[in-house]
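Reading the structure
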Amino acid sequence: MARIVMKFGGTSVANLDRIRHVASLVAEEAKDGNEVAVVVSAMSGETNRLVALVDALDADAAPDGIKNGTEIEDEYDSIVATGEQVTSGLLSIALRRRGLKARSWLGWQIPLRTDMAHSKARIAEIESSAIGPSMEGGNIAVVAGFQGVNDTGRISTLGRGGSDTSAVALAVALKADRCDIYTDVDGIYTTDPRIAKDARRLGRIAFEEMLELASLGAKVLQTRSVELAMNNNLPIRVLTSMAEVGEDNPGTLVCHEDETMEERVVSGVAYSRDEAQITLLRLKDKPGMVAKVCRALSEANVIVDMIVQGISRSDNAANLTFTVGKRDLDKALKALEAGKESIGFQGIKYDEDVTKVSVVGIGMRSHTGVAQTMFEALAERGINVEVIATSEIKISVLIDSEYTELAVRALHNAFGLHKAA
Ligand code: ASP
Ligand code: MG
């Protein structure tokens, strides 16, 4: 007998037929006396629909002379959390109609306690004193993902994609034997199969690699869920919910690295079109200038990613190039314009048509020549590199978006990722 947490994303519960299918997968696991908790997302598109409702009303102007109300994040949370309430109830009914015992659990009913940060709350604690015994009594627990309750009793949500984090945290709290994340792909791939036809599913991937891939734009798992799993040494399996019961569906195991993984230098190639590039022209070349720029941006709540500085020796001026999230571009430009005098630069250039392409692999720690292979492969195709950033297990380059597919394919080939491991 085992204790299993299964998580189903939006496309897996997109309509009643998909929900019936999920019920069949859950029923299979609940056989033989296993204790099962299922975490569900909202039906696909539902959270976006709810967010759009909030945004539309939020954009209303207040009548003249009346000050606009301040924050609305508490109500945002109570609205967007409803998507998961619906799917947890529906799946519970589907399970009962198969003759199983099941009940839905909302965040506040467990309770899953969070901090006070509405719309991006962090989980503080999950009570298991009610849900645990219920599962031991043979009830399948169908948990609404993405939501919790804060110390003032208000509903909170964990940030977009947060059901993954709900599932991992629940698995840790319940001391589960397994945490299976069902999604619309059958595992983690060496790169996006829509771009490279010969991309392969990885049998295993290290937590660290998955963290890089998750934050680099492979949107299969929420980054925080991977962090949480890594810190608690909980392996997670990513697999497809589209398979039939009994069909071979090994997925990808995200776990601590082992020797076989180290032998492979690069595990994957990721890309992200969510970046924008900004260059400050003729910034004074003296200590503290970059700090000033970063301060202006952080005060505007903009996260800076890659940074390079090109110095012209002749006149003590430098061009500073960096990237920010595309969504933050306007905010960043405004903050920089406002600080033009106090920071001290001559002009701003920006470019939204850029893509960050990255190669990731824990093997980089112990192998040399990765950078050389990467830059040669790009150079052979005439792809110009604008900005470079590295970590111990990753090299990222910023290139013109036009070359995204070409670069991804070239790198996938250069590192032999198309060949069976
Ligand atoms: N429904 C939420 C979202 O779309 C949470 C999730 O699916 O993980 O972001
Ligand atoms: Mg997701």
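Since this is a predicted model, take the numbers as computed values, not measurements.

Now for the layout of surface pockets. Gaps left between atoms show up when a probe the size of a water molecule is rolled over them. Looking at the second largest pocket, its volume works out to about 230 Å³. Residue lining of the second largest pocket: 14 residues in total, with Ile123, Thr165, Ala169, Leu228 and Asn232 positioned closest to the centre. For the lining of the second largest pocket, the secondary-structure elements that each account for two or more residues are strand 5 (123-126), helix 6 (163-173) and helix 8 (223-231). Here the residues of the lining of the second largest pocket are counted per class, giving 7 nonpolar, 3 polar and 4 charged.

So, on to the side chain of Asp180. Checked against the element boundaries, Asp180 lands in strand 9 (residues 178-183). Polar contacts involving the side chain of Asp180 include one to the side chain of Arg178, which spans 2.9 Å. With residues near it in sequence (within four places) discarded, Asp180 still touches Val5, Met6, Lys7, Glu29, Arg237 and Leu239.

It is worth spelling out a positive patch on the surface at this point. Judged by side-chain charge, Lys284, Lys286, Lys292 and Arg295 come together as a positively charged surface patch. Along the polypeptide, Lys292 turns up in helix 10 (residues 289-299).

To continue, consider empty space enclosed by the protein. Applying the stated criterion across every chain, the model contains 1 cavity of 30 Å³ or more. A volume near 30 Å³ is recorded for the largest cavity. Val290, Val293, Cys294, Leu297, Val304, Ile307, Leu320 and Phe322 together form the lining of the largest cavity. If you list the elements that add at least two residues to the lining of the largest cavity, you get helix 10, strand 15 (304-312) and strand 16 (317-325). Ranked by residue count, the leading element in the lining of the largest cavity is helix 10, at 4 residues. Partitioned by chemical class, the residues of the lining of the largest cavity number 8 nonpolar, no polar and no charged.

Below, the discussion takes up helix 11 (residues 329-338). Buried within helix 11 are the following residues: Leu329, Ala332, Leu333, Ala335 and Leu336. One side of helix 11 carries all its buried residues, which in axial view fall inside an arc of 165°. Exposed residues lying more than 90 degrees from the buried face of helix 11 are Asp330, Lys334 and Ala338. Contacts from the buried residues of helix 11 go to strand 14 (275-284), helix 10, strand 16, helix 12 (340-344) and strand 17 (347-351).

Now for the sheet that holds strand 20 (residues 394-400). Here 4 strands make up an open sheet; going across it, the order is 13-18-20-19 and the pairing antiparallel. Across the chains shown, the open sheet's two edge strands, defined by having one partner strand only, are strand 13 (268-272) and strand 19 (387-391). Recorded for the sheet is a direction-independent mean angle of 20° between the axes of neighbouring strands. Strand direction decides the pairing type here: strand 13 and strand 18 (residues 354-360), joined by 5 bridges, are antiparallel. Looking across to strand 18, one finds that Val269 is bridged to Val359. Here helix 7 (residues 207-215) sits on the sheet in contact with strand 13, strand 18, strand 19 and strand 20, set at roughly 175° to strand 18. Sheet strands in contact with helix 13 (residues 370-380) are strand 18, strand 19 and strand 20, and its direction is about 15° off that of strand 20.

Three or more residues of helix 13 are buried, namely Val370, Met374, Ala377 and Leu378. Projection of helix 13 onto a plane perpendicular to its axis shows the buried side chains occupying an angular sector of 95°, all on one side. Opposite the buried face of helix 13, at more than 90 degrees from it, the exposed residues are Ala379 and Glu380. The elements touched by buried residues of helix 13 are strand 18, strand 20 and helix 14 (404-414). Immediately downstream of helix 13, the backbone of Gly382 shows phi near 70°, a positive value.

What follows concerns unusual backbone geometry. Here the amide bond leading from Ile110 into Pro111 is cis, since omega sits at -20°, within 30 degrees of zero. Looking at the element boundaries, Pro111 is found in the loop between strand 3 (102-105) and strand 4 (112-114). With phi around 75°, Ser119 is a residue other than glycine that occupies positive phi space. For Ser119, a relative accessible area of 17% gives the class buried. The residue Phe146 is not glycine, and still its phi comes out positive at about 80°. Considering the arrangement of structural elements, one finds Phe146 in the loop between strand 6 (140-144) and strand 7 (147-149). Taking the relative accessible area as the measure of exposure, Phe146 reaches 3% and is therefore buried.

Rules and cut-offs
- Residues numbered from 1 in each chain as written.
- Chains lettered and ligands numbered in written order.
- Predicted model: local features only at pLDDT ≥ 70, side-chain atom pairs only at ≥ 80, totals over all residues.
- Heavy atoms only, no water.
- 1 Å grid on protein atoms, 1.4 Å probe; cavity = no way out; pocket = protein on both sides within 12 Å on 5 of 7 lines; lining within 4 Å.
- Points joined across faces, edges and corners; volume = space filled by probe spheres on them.
- Helix = DSSP H or I, 4+ residues; strand = E, 2+ residues; numbered from the N terminus.
- Nonpolar A, V, L, I, M, F, W, Y, C, P; charged D, E, K, R; others polar.
- Polar contact = N/O pair within 3.5 Å; in protein donor to acceptor, adjacent residues only side chain to side chain.
- Contact = heavy atoms within 4.5 Å.
- Patch = residues over 30% accessible without salt bridge, like charges linked within 9 Å, V, L, I, M, F, W, Y side chains within 5 Å.
- Areas by Shrake-Rupley, 256 points an atom, 1.4 Å probe, with all protein chains shown as cover.
- Salt bridge = Lys/Arg side-chain N within 4 Å of Asp/Glu carboxyl O.
- Lys, Arg positive; Asp, Glu negative; His and termini not counted.
- Charge placed at Lys NZ, Arg CZ, Asp CG, Glu CD.
- Buried < 20%, exposed > 50% of the residue type's maximum accessible area, 1.4 Å probe, protein only.
- Arc of directions from axis to C-beta.
- Pairing = 2+ DSSP bridges.
- Axes fitted to C-alpha atoms, helices over the stretch in contact; angles between N-to-C directions.

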